[in-house]
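Chain by chain, the residues:
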Amino acid sequence: MQLQDLSKYNFQVQTKNLPINIYGLRIIDNDKNQTYDVVINHNGYCPIIYTEREQSNYNDYLSHLEATVINQFLQTTRIKNYSCTIEIVTNDKAELYHFLRSVTL
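The present account deals with the structure reproduced in this document. Residue indices follow the written sequence of each chain, beginning from 1 at its first position. Thresholds applied to this predicted model are a pLDDT of at least 70 for local features of residues and 80 or more for the giving and counting of side-chain atom pairs; totals over whole chains, interfaces and linings are not thresholded and use all residues. To get the side-chain values, take all heavy atoms of the structure and skip hydrogens and water.

Moving on, we come to the nonpolar core. The nonpolar core is taken to be a set of buried Ala, Val, Leu, Ile, Met, Phe, Trp, Tyr and Cys residues, with the residues joined through side-chain atoms within 4.5 Å. A simple rule labels every residue: compare its accessible area, found with a 1.4 Å probe on the protein chains alone, to the largest value its type can have, and call it buried under 20%, exposed over 50%, or partly exposed in between. Counting residues in hydrophobic clusters, the biggest one holds 16 residues, and the most contacted among them are Tyr-23, Leu-25, Ile-27, Val-69, Phe-73 and Val-89. Helical segments are the DSSP runs of H or I of at least four residues, strand segments are the runs of E of at least two, and each set is numbered from the N terminus. Put simply, the parts of the chain that give this core at least two residues each are β2 (22-29), β3 (34-41) and α1 (52-76). Element by element, the count of residues in this core is highest for α1, at seven residues.

Pasting the structure below:
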């Protein structure tokens, strides 16, 4: 696990030359209003999804990655109240595969 500034990348669908096989989360400490970008390497699982079942399996995979990253991160910090605002996954071709951004209304 490493801390890395995700804002230095331009996460557009057509963007190339991103880091290969990474899973990244932007975590906000809601009490101190601090931002942490946490990045890990993943095993390259970026399937072509045709069915709801395949999407469900991939969502389970993402949930596991998120839980792993957050658990490791929280072991090294004292954050109690946090939110995740960005989730990204790149594939083995250094292309953006998954991008999720939370929206505050």
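Anyway, onward from the coordinates.
The span you would expect from a helix comes to 1.5 Å times its residue count less one. In this model α1 runs 36 Å from its N-terminal to its C-terminal C-alpha over 25 residues, within 8% of the 36 Å that 1.5 Å per residue would give. Turning to α1, its buried residues are Tyr-58, Tyr-61, Leu-62, Leu-65, Val-69, Ile-70 and Phe-73.

It is worth spelling out the side chain of Asp-29 at this point. Locating Asp-29 in the fold gives a position in strand β2. The charge count includes Lys and Arg as positive and Asp and Glu as negative, but it does not include His or the ends of the chains. Counted as salt bridges are all cases of a side-chain nitrogen of Lys or Arg within 4 Å of a carboxyl oxygen of Asp or Glu. There is no salt bridge for the buried Asp-29, and the closest opposite charge comes from Lys-32, which lies 4.8 Å off by N-O distance. Any pair of N or O atoms that falls within 3.5 Å is considered a polar contact. Within protein, one atom must be able to donate a hydrogen and the other to accept it, and sequence-neighbouring residues count only if both atoms are side-chain atoms. At a separation of 3.0 Å, a polar atom in the side chain of Asp-29 contacts the main-chain amide nitrogen of Asp-31. Throughout, a residue-residue contact means that at least one pair of heavy atoms, one from each residue, lies within 4.5 Å. Excluding residues that lie within four positions of it along the chain, Asp-29 makes contacts with Gln-34, Tyr-36, Ile-79 and Asn-81.

Scanning the entire structure with this criterion turns up one salt bridge. Across the pair Asp-37 and Arg-26 runs a salt bridge whose closest N-O atoms are separated by 2.7 Å. A residue pair is termed long-range when its members are at least 10 positions apart, and Asp-37 in strand β3 and Arg-26 in strand β2 qualify at eleven residues. A relative accessible area of 8% places Asp-37 in the buried class. Residue Arg-26 is classed as buried on the basis of its relative accessible area of 16%.

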